[in-house]
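# Architecture at a glance
The primary structure of each chain is shown beneath.
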Amino acid sequence: MRLTLHVWRQLSAADQGHLETYDAHDVSPDMSFLEMLDVVNEELILTGKRPIAFDHDCREGICGSCGMMINGVAHGPQRGTATCQLHMRSFKDGDTIVIEPWRATAFPVLKDLCVNRGALDRIIQSGGYVTVSTGGTPDANCLPVPKVAADRAMDAAACIGCGACVAACPNASASLFTAAKITHLGELPQGQPERYRRALKMVEQMDLEGFGSCSLFGECQEACPKSISIDAIAQMNRDYIKAIAMNAGMESAATGGTG
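Residues numbered from 1 in each chain as written. Predicted model: local features only at pLDDT ≥ 70, side-chain atom pairs only at ≥ 80, totals over all residues. Heavy atoms only, no water.

Two quantities define a packed helix pair, namely the angle between the helix axes and the distance between the axes. Orientation of helix H5 (residues 175-186) relative to helix H6 (residues 195-208), taken along the N-to-C sense of each, is 165°, at an axis distance of 10 Å. One way to sum up the angle between H5 and H6 is to call them roughly antiparallel. As for how H5 packs across H6, the hand of that crossing is right-handed. Between H5, through Ser-175, Thr-178, Lys-181, Ile-182, Leu-185 and Gly-186, and H6, the contact on the second element is made entirely by Arg-195, Arg-198, Ala-199, Met-202, Val-203 and Met-206. Looking at side-chain class alone, the contact of H5 with H6 contains 6 nonpolar, 3 polar and 3 charged residues. (Axes fitted to C-alpha atoms, helices over the stretch in contact; angles between N-to-C directions. Helix = DSSP H or I, 4+ residues; strand = E, 2+ residues; numbered from the N terminus. Parallel < 35°, antiparallel > 145°, perpendicular 65-115°, else oblique. Left-handed = near helix turned anticlockwise from the far one by under 90°. Contact = heavy atoms within 4.5 Å. Nonpolar A, V, L, I, M, F, W, Y, C, P; charged D, E, K, R; others polar.)

The next thing to look at is the nonpolar core. Core analysis: the biggest nonpolar cluster contains 39 residues, and Ala-74, Trp-102, Phe-107, Ile-123, Val-166, Leu-176 and Phe-211 have the highest contact counts within it. Counting residues per element, the ones that place at least two in this core are helix H2 (118-127), helix H4 (164-168), H5, H6, helix H7 (219-223) and helix H8 (231-254). In terms of nonpolar packing, the next biggest core, distinct from the first, is built from 27 residues, Met-31, Val-40, Met-68 and Met-88 among them. (Core = buried A, V, L, I, M, F, W, Y, C linked by side-chain atoms within 4.5 Å. Buried < 20%, exposed > 50% of the residue type's maximum accessible area, 1.4 Å probe, protein only.)

As for its placement among the helices and strands, Glu-219 is situated in helix H7. For the pair formed by Glu-219 and Thr-81, sequence separation is 138 residues and the distance between their alpha carbons is 15 Å.

As a further point, take the pairing of strand E5 (residues 96-100). Of the two faces of E5, the one holding Ile-97 and Ile-99 is buried and the one holding Thr-96, Val-98 and Glu-100 is not buried anywhere. Of the pairings in the sheet, the one linking strand E1 (residues 3-9) to E5 comprises 4 bridges and is parallel in character. The residue of E5 that forms the bridge with Val-7 is Ile-99. Alignment of strand E3 (residues 69-70) against E5, held across 2 bridges, turns out to be antiparallel. Note on E5: the bridge partner recorded for Met-69 is Glu-100. (Pairing = 2+ DSSP bridges.)

Okay, structure coming up:
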């Protein structure tokens, strides 16, 4: 296959950035998208040019670091697939491919296709934990979990934190990511002590990071490489509203109901 690539090049966060055109030839349909970029980078290095910077790690669709916009679609044309698991057989000989980084205020570009996704880490740090009793290790079956709850928790826990939901959302909202992190803990017995505080803290941190508001457009679940449903957002909203009501009730009780 022979392809024409329009790749976003940006030397640093302070640089304006622009698209540069490259010719990718002898591309095997069995290559992954990242392997194709590796081949392009080898040619750039051999000719003394700066290689394209892009994030990657496991290349198994697990770590979530490989995200990029491919022809305007987060992770590319194949649904439920991370960029590293996307193969070049998804394209045709002679195709033109535009490759850009995630576009969101909360994801500043660091270099080329690499963005700073530290905002997602800070959302998790604000409340993505559970209380664990110290001492002897309890038996694994001492806390029974209903299958429906376990299934919902596992579905939400599939989130790899890639940020595709943010990049695909017209509002650049992180609601699907935050909801997945809230839901997968909130559905389990171990997550109940912090359940509503977790929702309150993580949603507030999400807003502080500069992500947009959710309007349930639904593009996030279409772009998610793990096909997480926006039903998780509904669960997050319920927990958040209950957390606000509980806080208001405690404040009212503390002031004798006169506040």
